[in-house]
Structures are given as C-alpha cells and as structure tokens.
Amino acid sequence: MPTVSVKRDLLFEALGRAYTDEEFDELCFEFGLELDEITSEKDIISKERGDGKAEGASDTVLYKIDVPANRYDLLCLEGLVRGLQVFKERINLPRYKKIMPAKGEGQRLIITEETAQVRPYAVAAVLRNITFTKERYDSFIDLQEKLHQNICRKRALVAIGTHDLDTVTGPFTFTAKAPSEIKFKPLNQSQEYTASQLMDLYRTDSHLRHYLHLIENKPLYPIIYDSNGVVLSMPPIINGEHTKISLNTRNVFIECTGTDITKAKIVLDILVTMFSEYCEKPFSVEAAEVIYPNGKTHIYPELAYRREKVKPEFINKKIGISETPSNLAKLLTRMCLKSHVTGNGNNIEIEIPPTRADIIHACDIVEDAAIAYGYNNIQMTIPKTYTIANQLPLNKLTELLRLDLAAAGFTEALTFALCSQEDIADKLGMDISATKAVHIANPKTAEFQVARTSLLPGLLKTIAANRKMPLPLKLFEISDIVVKDASTDVGARNYRHLCALYYNKSPGFEIIHGLLDRVMQLLEVPPNQENGYMIKATEGSAFFPGRCAEIIAKGQSIGKLGVLHPDVITKFELTMPCSALEINIEPFV
C-alpha cells in the first residue's frame, strides 16, 4: 500500500478543525485508511542516519497514512482532504469541467510515427491561471512521484512531464530521434548534454538510474519539443531545465507519455482534478488536442463521468445488512460516488467521477457502501454452510511423508522455487528448450531466471554449501516444481515432487533404493508389475551410464533414481559420488 506523508497542521487547517491523534486514527479507519505512523522529519533522519545528522531538521509533525493501492485520488493532501470532507458531509463533491479553448488558441501535441518503437501514446492538458504556494508546489511534485511508483509502474507504463507553458510556444511535437541528435539542458543542470551523455551522467544518480533501462537499448529516444525547437522533456528520464515550473508559474502544460493509453488517461485525470482546485476557475481544466500519426485527433483530458445501476438488495445481501435504498444512496454519496434512487426504489444510479478509476465492477461499489456503513457496524453472523474445513489430501500426504523421511535419517531442506537456466539445463546435461521451464520476464538476478523443473539442483547446491559438514550428507525435499502446460488457463502446471540425495565417499545407491522401497511401503504400493511399482534400466543425462533406473508405478512413469554423472557433480562444485531419487507423488493421492 502506498504511504502518503502529510503535515498534521496543514491537514487540520484544510479539514477546518483539529483532531487528537486518536480521533484522526479513528477517522482514517472509518474511511478505509490506516494512520501508519506519527513522526517528524527530524525523527525520520535520526532513525535513518543518526541524531547528529538530524540537527536543524524540522520538528513539524507528519502523519503517514496508508492508502489502498487503487485509490489514486487519495495520494496527495488535496485528494485526501476532499475525500474526507465529502465523507463527513461537510462539502459536496465538486464537478470537474473541461474547458475547450477558442479555435486556434488551444495547445496541440503532434505525435510522429517514430514514437511507435518506444512510447507510442501521449495525452496532454493545461492548468490555466493556477496559484502555487510552497506547500501546493511540494504536493504537486510529490503526487507525480507517487503516481510514477504506483499506477505508472516506475515510469514503464506512463511518464509525467509538467512544464511552465509561458516559457514555450506550441504546437508541441512528440517524436523519437537517435541519441546523438538529441541535445538540451536537463532539469537542475547548468549545461547542455546529448542523450548519450545524459545516460552516462545519470548512471550513478540514485533516483534516475532506475529508469535508464526503459530506453537505453532503443535505437531512438523519445523527445518532446516546441515550435521553436526548445526541448520540453526526454520521457521517461528527465524534463528540460527551460520549462521548469516554480512558485511563480501561472500556466502548467502537462503531458503524459507511455505504453498504455488507458493508464496515461487515468494519470492525467488524477493530476488535473487534484490541482485544478487552485486554478482561477476552480475544478476547470483547459483541454489540449493530441494528433496521432494516423491523423486522428483526440481531446484530453477526458474527465469522463459514467453511470452504473446497482440493485439495493444486491448491496444489502453482499454486505449482510438491511438498509433502505435511500440510505444506501447516501452512503455511496459520502464515498464520492454521487447516487440517487431510481424507479420504485428498485435501483440505485451511481455516477462514477473521473477521480474513481478504481470502480470497475459492482463489487467495488458494494465495498464502498460497506466502508461508509462501517465494518464494525456489520452484525456478525455464522455462515449458513455445512462445509467443514480440512487439509488438502496432497498436503496431508506431503506432511506424512516428511515425518517418515526424517525418521529414515534424512534431513529436510527447503530450497528456492526459482533458479538459473544453467541449474536446470546445462549443469544437468540438458537443453533448456527440453525442460519446458517457465521463464521469468524480468529477472532481478541471474540466479532466479526460471521456475524450477526439478528439485535436484536445489539440493545439490545445498550440499555444495554444506561440504564441510560430517559425511554422509542425506537430504530430502518435498515441494512443487513448475512446467509449461498449454492446456491450463495460466499456461503452466505445478507438480508435487519428492527428491532425496545421498552424498558420501561411496555412491550409496542401495541407500537411495532402500528409501524408495520404504516410501512405497508407506504408500501401500506393492513391489510388482501389475498393480504396484517396479524399476527398469534407463538412461538420463544427469545420471552415470548404466546406473540409472526409471520408476514405474500404477502404470505410469513417476521419476528416476540412480548415481549422478561425475560431470554433474563437478558442475555443482562437489567432489564425491552422489545418488539421487526424484519422483512425482501426486498419483498416490
């Protein structure tokens, strides 16, 4: 959940009254929020860097409030205050208006076809005659950062640019150029840099280095400039110094570029609805025209209101209450969802404002009604069901086998579900394409590139990390492996595997074979070909030739056992022979 830090005194001033810490904590709970911490800038610095560094820092009390991840309208002081005031019925929800400028006077953003390779979408708007104070300006910047980290997915989906409109001349062009062709003075810098030089400059920047990977390997970089060639920004990295906004800025041009047009429209709507409050005409936003490469023209922001109808009995049933339709409409109106009863009280019509992009389904409306009603006010009842909770059969079998394997002298290990491609392929003498492994799209480290298709590599790495322990080393693990399966809705399937290893100066194949017999005895599977289990000689890339057997049970192959190949042992940095067993236990459930 995102955490919003607000100054207590500023918050109380905006709310029109003071609260004790306990009262405000209760108010947050009633509104579906959580007052996470009461602190100050001085306390934060003292905790992070020590008392010495905190000298001179502000003692102003800060409230850190946890906000639901989908409530983008509560990520700043303005939205928080507006939401709480409507909730307490002190104000009505404002009506947001889109003002169309006179023909030829509006701002235009022209998108060229080159952007299709990097960030194909853009939206724009203007906050006209806005008045900033230090607190408003800080909140404006902070909201952009909160949105970048949240809905914008660290600028991967959307990047926000805000500019002093009086320093540039439209129309604006959003295009993409080779890094060597881009040169401008970036925000808070004193000289011009090419795009390539900027990448090198920001590689050590604690904040901006996290976004470089979004475009640095692209042949073209996105760039926005005005009719005079003045660069506004190079999204998603940095804005230009020339258009930097300040406390004296009166007209703000906002552009949001991205790879997801829906998210870009939501981000723009949130920004302008939160801060149009400070415009000369409150809650009014000047529209901008965006022209796409195909010639189509779109007017932004959309600031779209939509209507939904929900039956009162549906809301009552889902929450477990029995309120009248008019009361339910009043509860929803307190949650910034203006509602009224229609017909003969059979329906409640709800108007969804542009600030509530989180309202997707009727269930979202029901949730808001429950929050306004108060979770603590809902009568507790025993569910009308005869279902008795019980352990899943597969998990019950797993627990029983764990106990007996431990009783057989083996130590249980719990290894990572993710591993490297090398672990499940190269080191086991296989090709990665033959493993049916599920690959991670953006692995954070080379150690976690794929979901494991075998428990064997994890146990071998565990033994390698414990080579100094007294011999023999006897380990086992019962966990899930994952393989691709096109027949499932998610494209992959989990299987519960049992894997055991014996590591000593001699291979100890008879130990592993004996463990298999013990497991089958516990599962009450007799050693015969008809309705029991058997082993037959086979070959496996991870096993020594002539020392590998396939295990057949209930008419199907469930795994292998044998002595590991010396090459496998060497690749896992081991020096002694090792026997292994790995089977699928799901057929025995």
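Criteria and thresholds
Residues numbered from 1 in each chain as written. Predicted model: local features only at pLDDT ≥ 70, side-chain atom pairs only at ≥ 80, totals over all residues. Heavy atoms only, no water. UniProt positions renumbered as here; feature names shortened; annotations may be inferred. Core = buried A, V, L, I, M, F, W, Y, C linked by side-chain atoms within 4.5 Å. Buried < 20%, exposed > 50% of the residue type's maximum accessible area, 1.4 Å probe, protein only. Helix = DSSP H or I, 4+ residues; strand = E, 2+ residues; numbered from the N terminus. Contact = heavy atoms within 4.5 Å. 1 Å grid on protein atoms, 1.4 Å probe; cavity = no way out; pocket = protein on both sides within 12 Å on 5 of 7 lines; lining within 4 Å. Points joined across faces, edges and corners; volume = space filled by probe spheres on them. Pairing = 2+ DSSP bridges. Axes fitted to C-alpha atoms, helices over the stretch in contact; angles between N-to-C directions. Phe/Tyr/Trp six-rings, centres within 6.5 Å; stacked < 30°, edge-to-face > 60°.

The protein carries the name Phenylalanine--tRNA ligase beta subunit in an unreviewed UniProt entry, which gives Apteryx owenii as its organism. According to its UniProt record, the protein has this under Subcellular location (unreviewed entry): "Cytoplasm". Recorded in UniProt for the protein, the comment headed Catalytic activity (unreviewed entry) runs: "tRNA(Phe) + L-phenylalanine + ATP = L-phenylalanyl-tRNA(Phe) + AMP + diphosphate + H(+)".

Undergrad: For this particular structure, what's the right way to read the nonpolar core?
TA: Nonpolar side chains in soluble globular proteins tend to end up buried together. By size, the foremost hydrophobic cluster in this structure holds 93 residues, and its most contacted members are Phe24, Ile65, Leu127, Leu147 and Ile254. When residues in this core are grouped by element, the largest group, 9 residues, is from helix H7 (residues 261–275). Those residues in contact with Ile254 that lie beyond four places of it in its chain are Val123, Ala124, Ala125, Leu127, Phe140, Ile160, Gly161, Thr162, Leu268, Leu271 and Val272. Judged by nonpolar contacts, the second largest core, of 27 residues, contains Leu394, Ala549, Leu561 and Ile585.

Undergrad: Would you take a moment to explain the layout of surface pockets for this structure?
TA: One way to see where empty space is left: roll a probe the size of a water molecule over the atoms. Roughly 850 Å³ of volume is contained in the largest pocket. Considering the residues around the largest pocket, the lining is formed by 31 residues, among which Thr453, Ser454, His497, Lys560 and Glu582 are closest to the centre. Looking at the lining of the largest pocket, the elements with two or more residues in it are strand E23 (473–484), strand E24 (492–503), strand E26 (543–553), strand E27 (556–564) and strand E28 (578–584). A volume near 620 Å³ is recorded for the second largest pocket. What lines the second largest pocket is a set of 29 residues, and nearest its centre among them are Ile141, Arg155, Leu187, Ile238 and Asn239. Of all the secondary-structure elements, those providing two or more residues to the lining of the second largest pocket are helix H5 (134–149), strand E7 (158–164), strand E12 (231–234) and strand E13 (238–239).

Undergrad: Help me understand the sheet that holds E24, please; the structure alone is not making it clear to me.
TA: One open sheet holds the 7 strands; their spatial order is E20-E23-E24-E28-E27-E26-E25, and the pairing between them is mixed. The open sheet has two edge strands, strand E20 (411–412) and strand E25 (533–537), and neither has a second partner. Relative to E24, E23 runs antiparallel, the two being bridged by 12 bridges. Residue Ile481 lies in a different strand from E24, and its bridge partner there is Tyr495. Against the sheet, helix H11 (residues 393–407) engages E20, E23 and E24, with an angle of about 160 degrees to E23.

Undergrad: For this particular structure, what's the right way to read the packing of aromatic side chains?
TA: Any pair of aromatic rings gets described here by the distance separating the centres and the angle formed by the planes. Taken as a whole and judged by the stated rule, the model has 13 aromatic pairs. Taking the centre distance of 5.0 Å and the plane angle of 15 degrees together, the rings of Phe24 and Tyr63 count as stacked. Highlighted residues: Phe24 in helix H2 (residues 21–30) and Tyr63 in strand E3 (residues 61–66), separated in sequence by 39 residues. Of the two residues, Phe24 and Tyr63, neither departs from the other in class, the shared state being buried. Consider the rings of Phe416 and Phe448, whose centres lie 5.2 Å apart with planes at 70 degrees: the pair is edge-to-face. You can see Phe416 sitting in the loop between E20 and strand E21 (418–419) and its partner Phe448 sitting in the loop between helix H12 (421–424) and strand E22 (450–451), a full 32 residues away along the chain. Judged by its relative accessible area of 62%, Phe416 is exposed.

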